[in-house]
There are 2 protein chains.
Amino acid sequence: MHDTDFRVPSAIREMRMGYFKGGFVVCCNTYYNRIITLHLIYHAINPYRRYSELKSDEKAAVLERSFIFSGLDDEDLSALSGLCIDKSFIPGEFIFWDEDPPEWFYIIAEGQVKVVKHSSSGKEFIIAFFGIGEVFGEVAVFENNPYPASAQAVGEVRVIGIRRQDFSTFLASRPQVALRIINVLGGRLRNAQDRLRDFAGERVEQRLAGVLLMLSNKLGSTLPFTRQEIADMVGTTTETVIRLMSIFRERGVIRSTRGKIIIQDRKKLKLLREGPPEILH
Amino acid sequence: MHDTDFRVPSAIREMRMGYFKGGFVVCCNTYYNRIITLHLIYHAINPYRRYSELKSDEKAAVLERSFIFSGLDDEDLSALSGLCIDKSFIPGEFIFWDEDPPEWFYIIAEGQVKVVKHSSSGKEFIIAFFGIGEVFGEVAVFENNPYPASAQAVGEVRVIGIRRQDFSTFLASRPQVALRIINVLGGRLRNAQDRLRDFAGERVEQRLAGVLLMLSNKLGSTLPFTRQEIADMVGTTTETVIRLMSIFRERGVIRSTRGKIIIQDRKKLKLLREGPPEILH
DNA sequence: CCCGCTTTATGATTTAAATCATGGTGGGTG
DNA sequence: CACCCACCATGATTTAAATCATAAAGCGGG
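Being a predicted model, the structure only gives us computed values, none of them experimental. Residues take numbers from 1 onward in each chain, read along the sequence in its written order. Chains carry letters from A onward and ligands carry numbers from 1 onward, assigned in written order. For this predicted model, a pLDDT threshold of at least 70 governs which residues receive local features, and a threshold of 80 or more governs which side-chain atom pairs are given and counted, while totals over whole chains, interfaces and linings are taken from all residues. The side-chain numbers reported here are obtained from all heavy atoms of the structure, hydrogens and water having been left aside.

Time to look at a negative patch on the surface. All names here are of chain A. A patch consists of residues exposed above 30% relative accessible area that lack any salt bridge, with like charges linked at up to 9 Å and nonpolar side chains (Val, Leu, Ile, Met, Phe, Trp, Tyr) linked at up to 5 Å. Using a 1.4 Å probe, accessible areas were evaluated by the Shrake-Rupley method; residue-level cover was limited to the displayed protein chains. We define a salt bridge as a contact between a side-chain nitrogen of Lys or Arg and a carboxyl oxygen of Asp or Glu at a distance within 4 Å. Counting rule applied: Lys, Arg positive; Asp, Glu negative; His and chain ends not counted. For the purpose of locating charges, the reference atoms are NZ of Lys, CZ of Arg, CG of Asp and CD of Glu. A cluster of acidic residues, Glu64, Asp73, Asp74 and Glu75, forms a negative patch on the protein surface. To qualify as a helix, a DSSP run of H or I must reach at least 4 residues; to qualify as a strand, a run of E must reach at least 2; elements of each kind are numbered from the N terminus. Structurally, Glu75 is set in helix α3 (residues 74-83). On the accessibility criterion, Glu75 (63% relative accessible area) is exposed. With a 1.4 Å probe rolled over the protein chains alone, any residue whose accessible area is under 20% of its type maximum counts as buried; one over 50% counts as exposed, and the rest are partly exposed.

Structure below.
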């Protein structure tokens, strides 16, 4: 692990006034005669980051692997890859921050990225995980509004970035790419709305089951997450996740080791997501 | 209300048994040897609905008023309006159901539409309200997946519909419309993610304040909703909303009459949304 | 190999909100 | 007009989950 290790929630919990802690600056803000705590978290810039390590054809290969650009012909691909730069990030480093101006649009070449938001009380909520070939930061870029959330590297990450303006002009003359983007956005919107419904109506047990299923659809049956991270995705506390996971384990739904969860029985998990077990009695 | 035949939502089709209760039909379905109760709602079809009441240029006028199509020239507008039909719906009637195949893409010409989802326990959750000039059902259409939620008329509603296939071909050659749609989807995605964060991290009081603010941004300071509807948007119970609204009223944040809420003090509402009052002590 | 730190684990207590219960109110309708 | 029904209101009770507390198990580094 590098010397810059970022753990947000613990640092924020007891904050009242601005201070530095573990690479972060945590501050408070007065607003309408009341004190509202805001957390602005700075991060150290990776001193070893280098640009333009990938050759143009390597970039094109990455672009081609992504859903959005996979339909382009060679000419368009090379034109686009000429616009790209690549950046690498160390584990835990933030690629952009909530409220940052939307300069870049990113495609993941290597590693995984989590997109998070912090509630007013400082709790972290993981909106999404993205893997190789997926894009992120796109909403802000297309709307030309500040990023609506922060993006953080999970493990070593290498991304390809395209400037907002360059991408807009590229897009204006490629309707098929625009249609792909509409597809991606539609899928994400649907996903977000499903989760919304779950949050509004369902119990934590069901939401947990839903998140585990969603993750295993994406990553297979072995999930490299701690209970803490799962809790941040489900929107609950670590203790509650640990308790429920213990129950799941007793019932043979999952197995787990430190920092890893193995899903053993997807059928049972689906049942848990669907209905309250009380119906059985 | 007119009593006529039912249109059966596709989710109901594979149900085994069911019974009526207070306007609902409660169905049971066997699934992995367990009984899961689903509450699905039948509705009457408006027997008086007529098609093609609007003339072509009236349709064009509606299209032009919407954000998505406002940039089109007259030629495109008239081409598009030729593809449209219009339908009217009575209060409470469903325009489409969750899981229905996505045949139509709609623009609201008159009235308001709410998009809802039902949780596995049958509770309704209102995902969004749309007014004149706004589109809905678009996610399903672009993805060619079943509608992810149901759309229900609030009051008398008239919509303009475009067939999925027609719209796709129209879109393929109009990148500027595609860009508009990307914008709209982006905004909705951002909105959904904000709400997700709120649901995960914040207390009901804050979520209620957030929903009231969101609605008043859209509709002005007089909101034509019952406590029940607000509860469905916040994802809580009617009683809780009534209690909190009473407190809000005592504090001078809102006034209300039957089925109507008047926002008196937006600043206080913003405070309520932001932070837990405990910080004061 | 020990020390410190993160993760996992589990019990006890508290609390926010759901649920249950009961009653008032206003507005439309036969 | 009286009746019903949807809406608003409030109290009492229950419950799911957060919070508080404590500790064991893994793992990594000096």
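Text resumes after the structure shown.
Residue proximity to a molecule or strand is established when one non-hydrogen atom of the residue lies within 4 Å of it. Around DNA strand D sit 18 residues in total, of which Val204, Thr236 and Thr240 of chain A together with Arg249 and Gly259 of chain B are the nearest. Expressed as a percentage, the sugar and phosphate content of the atoms of DNA strand D within 4 Å of the protein is 63%. We define a polar contact as two N or O atoms separated by no more than 3.5 Å, with the added condition that, inside protein, one atom must be a possible hydrogen donor and the other a possible acceptor, whereas residues neighbouring each other in sequence contribute only through side-chain atom pairs. Thr236 of chain A has a polar side-chain atom sitting 2.6 Å from a phosphate oxygen of DNA strand D. Taken together, the elements giving at least two residues each to the surface near DNA strand D come down to α9 (238-250) of chain A together with α8 (238-250) of chain B. When residues of the surface near DNA strand D are assigned to their parent elements, the largest contribution, 5 residues, is made by α8 of chain B.

All right, on to the packing of aromatic side chains then. Ring pairs are drawn from Phe, Tyr and Trp, using the six-membered ring of Trp, whenever the two centres fall within 6.5 Å, and their geometry is named by plane angle: stacked under 30 degrees, edge-to-face over 60, tilted for the rest. Applying the stated criterion to the full structure yields 24 aromatic pairs over all chains. Summarising the aromatic geometry, the rings of Phe69 of chain A and Phe167 of chain A are spaced 6.0 Å apart at their centres and angled 85 degrees between planes, so their arrangement reads as edge-to-face. Highlighted residues: Phe69 of chain A in the loop between α2 (56-65) and α3 and Phe167 of chain A in helix α5 (residues 164-172), separated in sequence by 98 residues. A residue is classified by how much of its surface remains accessible, and Phe69 of chain A, at 0% relative accessible area, is buried. Its relative accessible area of 0% is what places Phe167 of chain A among the buried residues. Note on Phe125 of chain B and Phe199 of chain B: the rings are 5.8 Å apart at their centroids and 80 degrees apart in plane angle, and the pair reads as edge-to-face. Linking Phe125 of chain B in strand β7 (residues 124-130) with Phe199 of chain B in helix α5 (residues 175-201), this pair joins segments that are 74 residues apart in sequence. Just as Phe125 of chain B is buried, Phe199 of chain B falls in that class too. Members of the aromatic cluster, connected to one another through ring pairs, are Phe69, Phe105, Phe142, Phe167 and Phe170 of chain A.

For the rest of this paragraph, the subject is the sheet that holds strand β12 (residues 260-263) of chain A. Residues and elements named next belong to chain A. For two strands to count as paired, DSSP must find a minimum of two bridges between them. Reading across from one edge, β10-β12-β11 is the order of the 3 strands in this open sheet, with antiparallel pairing throughout. Looking at which strands have only one partner, the edges of the open sheet turn out to be β10 (222-223) and β11 (254-257). In this structure, β11 lies alongside β12, joined through 4 bridges in antiparallel fashion. Bridge pairing in β12 places Ser256 opposite Ile261.

In this section: α8 of chain B. Residue and element names in this part refer to chain B. Between its first and last C-alpha atoms α8 spans 18 Å; for 13 residues at 1.5 Å apiece the expected length is 18 Å, and the two agree. What α8 keeps buried is the set Val241, Leu244, Met245 and Phe248. The buried side chains of α8 occupy one side of the element, clustering within an arc of 105 degrees when seen end-on. More than 90 degrees from the buried face of α8, the exposed residues found are Arg243 and Glu250. Buried positions along α8 lie against α6 (204-219), α7 (227-234), β11 (254-257), β12 (260-263) and α9 (266-274). After α8 finishes, the residue Gly252 shows a positive phi value of roughly 75 degrees. Given the number of residues in a helix, its expected span is that number minus one, multiplied by 1.5 Å. Within this analysis, the arc is defined by the directions that extend from the helix axis to the C-beta atoms. Only heavy atoms enter the contact rule, under which two residues are in contact if any of them lie within 4.5 Å.

Residue and element names in this part refer to chain A. Close contact between α2 and α3 brings their axes to 9 Å; oriented N to C, the two are set at 110 degrees. It follows that α2 is roughly perpendicular to α3 by the angle criterion. Considering only the axes of α2 and α3, their crossing is right-handed. Where α2 approaches α3, its residues Ser56, Lys59, Ala60, Leu63 and Glu64 are matched on the opposing element by Leu77, Leu80 and Ser81. For the contact of α2 with α3, a count of residues per class yields 4 nonpolar, 2 polar and 2 charged. Lines fitted to C-alpha atoms define the axes, with helix axes restricted to the stretch in contact, and inter-axis angles between N-to-C directions lie between 0 and 180 degrees. Should an angle fall under 35 degrees it is called roughly parallel, over 145 degrees roughly antiparallel, and 65 to 115 degrees roughly perpendicular, with every other angle called oblique. Each crossing gets its hand from how the near helix is turned against the far one by less than a right angle, where anticlockwise is left-handed and clockwise is right-handed. Ten residue types, Ala, Val, Leu, Ile, Met, Phe, Trp, Tyr, Cys and Pro, are classed as nonpolar, four, Asp, Glu, Lys and Arg, as charged, and the remainder, Gly among them, as polar.

Right, let's talk about empty space enclosed by the protein for a bit. Picture a little ball the size of a water molecule; that probe, rolled over the atoms, points out where space is still empty. In this analysis, the protein atoms alone were mapped onto a 1 Å grid. Cavities are point sets where a 1.4 Å probe fits without being able to get out; pockets are open sets with protein on both sides within 12 Å along at least five of seven lines; lining residues have an atom within 4 Å of a point. Grid points are joined across faces, edges and corners, and a volume is the space filled by probe spheres set on the points. Enumeration over the complete set of coordinates arrives at 4 cavities of 30 Å³ or more. Here the largest cavity is characterised by a volume of approximately 150 Å³. Lining the largest cavity are 16 residues, and of these Gln193 of chain A together with Val115, Gly137, Glu138 and Val139 of chain B lie nearest its centre. Listed by contribution, the elements that provide at least two residues to the lining of the largest cavity are β7, β8 (135-136) and α3 (138-143) of chain B. Among the residues making up the lining of the largest cavity, the classes are represented as 12 nonpolar, 2 polar and 2 charged. Approximately 50 Å³ is the volume found for the second largest cavity. Along its surface, the second largest cavity is lined by Arg197, Ala200 and Gly201 of chain A together with Ser119, Lys123, Glu124, Phe125, Ala231, Asp232, Gly235 and Thr236 of chain B.

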